[in-house]
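These are the residues of each chain, in order.
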Amino acid sequence: RRIAMIWAVIPAAGSGMRSGSDIPKQYRPLLGKPMIEYSLDILAQHPDIDGIILALAPDDARWQHISQWFNTPLRTCLGGMRRSDSVLAAIEALDDVVHNDTWLLVHDAARPCVRFEDLNRLIEAACVHPVGGLLAGPMKDTVKRGDADHQVEGTLDRSALWRAFTPQLFPARSLKRALQHAHQEHAEITDESGAMERLGLSPLLVAGADDNIKVTLPEDFMFAEAILRGRSGL
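What you are looking at is a predicted structure, and each value in this text was computed from that prediction instead of being measured. (Residues numbered from 1 in each chain as written. Predicted model: local features only at pLDDT ≥ 70, side-chain atom pairs only at ≥ 80, totals over all residues. Heavy atoms only, no water.)

Student: So, helix H1 (residues 35–44): which residues are in play, and what are the values?
Tutor: Within H1, 10 of the 10 residues are buried, which leaves it mostly tucked inside the rest of the structure. Looking at H1, one finds that the buried residues are Met 35, Ile 36, Glu 37, Tyr 38, Ser 39, Leu 40, Asp 41, Ile 42, Leu 43 and Ala 44. (Buried < 20%, exposed > 50% of the residue type's maximum accessible area, 1.4 Å probe, protein only. Helix = DSSP H or I, 4+ residues; strand = E, 2+ residues; numbered from the N terminus.)

This is the structure:
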């Protein structure tokens, strides 16, 4: 079913220190194009997404005069030190469009390889779930628990373990409440699902492709380029 409105949020205020680049990693080129543009392209071309908001660093003027992306409204706001600060700032900046039936789809600028069909699957599944949901990958490797000296303490049961991806899709007002609650408790929130979980809610896990990688380290850029090159047949 088509819900009333979905706004996409891209938190992009970080510097990406681990990427080994002298520019913020979201602007580092992949196949000649800034990485963040891959996320913008796929979100803007999806018919169920009504607008996009970027949470940016204070000194980022790149998007100052850009208000449309593939004919999709594009807004910007001032992000924060942490991802959760940026997402909450984006929700507050959308106050004029957020209603009871508005949903927010949060996606990493550093996940340029998300597939259109996975985006479809997430929207179709999460929007009929009472809490919302996220793209994720079932754990396939054997998982070890290590101690402070990097010695094995045990082997975990992987059958119930998933790796969290983005996008993650939740009702806007529920997510705002969850993030505010987490901040009040000074909780460390690494994804939106984590904030919802702190309220005792159980988001839906929607299986997505393993090549929806997060680009973090220098070698990840080459991996992402290989994935994108393979899709374009280059």
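Student: Tell me about the sheet that holds strand S6 (residues 72–78), and please be specific about residues and values.
Tutor: Neighbouring strands of a sheet are bound in pairs by backbone hydrogen bonds; such pairs are parallel or else antiparallel. Ordered by their spatial adjacency, eight strands build an open sheet running S5-S6-S4-S1-S7-S11-S8-S12, and the pairing between neighbours is mixed. The outermost strands of the open sheet, each flanked by one partner alone, are strand S5 (68–69) and strand S12 (204–207). Bridging between strand S8 (residues 133–138) and strand S11 (residues 162–171) involves five bridges; their strand directions are antiparallel. By the bridge assignment for S11, Leu 134 is matched with Gln 168. (Pairing = 2+ DSSP bridges.)

Student: So what about the packing of aromatic side chains? Which residues, and what values?
Tutor: Evaluated as defined, the whole model comprises one aromatic pair. Aromatic side chains Trp 63 and Trp 69 sit 5.4 Å apart centroid to centroid with 70° between the ring planes, which places their arrangement in the edge-to-face category. Taken as a pair, Trp 63 and Trp 69 share a single burial class, namely buried. One cation-aromatic arrangement involves Arg 28 over Phe 221; the distance from NZ or CZ to the ring centre is 3.8 Å. Stacked on the ring of Trp 63, the Lys or Arg Arg 62 has its end atom at 5.2 Å from the ring centre. (Phe/Tyr/Trp six-rings, centres within 6.5 Å; stacked < 30°, edge-to-face > 60°. Lys NZ or Arg CZ within 6 Å of the ring centre and 35° of its normal.)

Student: How would you summarise the nonpolar core if you had to cite specific residues and measurements?
Tutor: Ranked by internal contacts, the top residues of the largest apolar core, which has 30 residues, are Ile 10, Leu 43, Ile 52, Leu 54, Trp 63, Leu 105 and Leu 169. Contributions of two or more residues to this core are made by strand S1 (5–12), H1, strand S4 (51–56), strand S7 (102–106), helix H3 (116–126) and S11. Among the elements that take part in this core, H1 stands out by supplying five residues, more than any other. In terms of nonpolar packing, the next biggest core, distinct from the first, is built from 26 residues, Trp 7, Leu 175, Ala 178 and Ala 182 among them. (Core = buried A, V, L, I, M, F, W, Y, C linked by side-chain atoms within 4.5 Å.)

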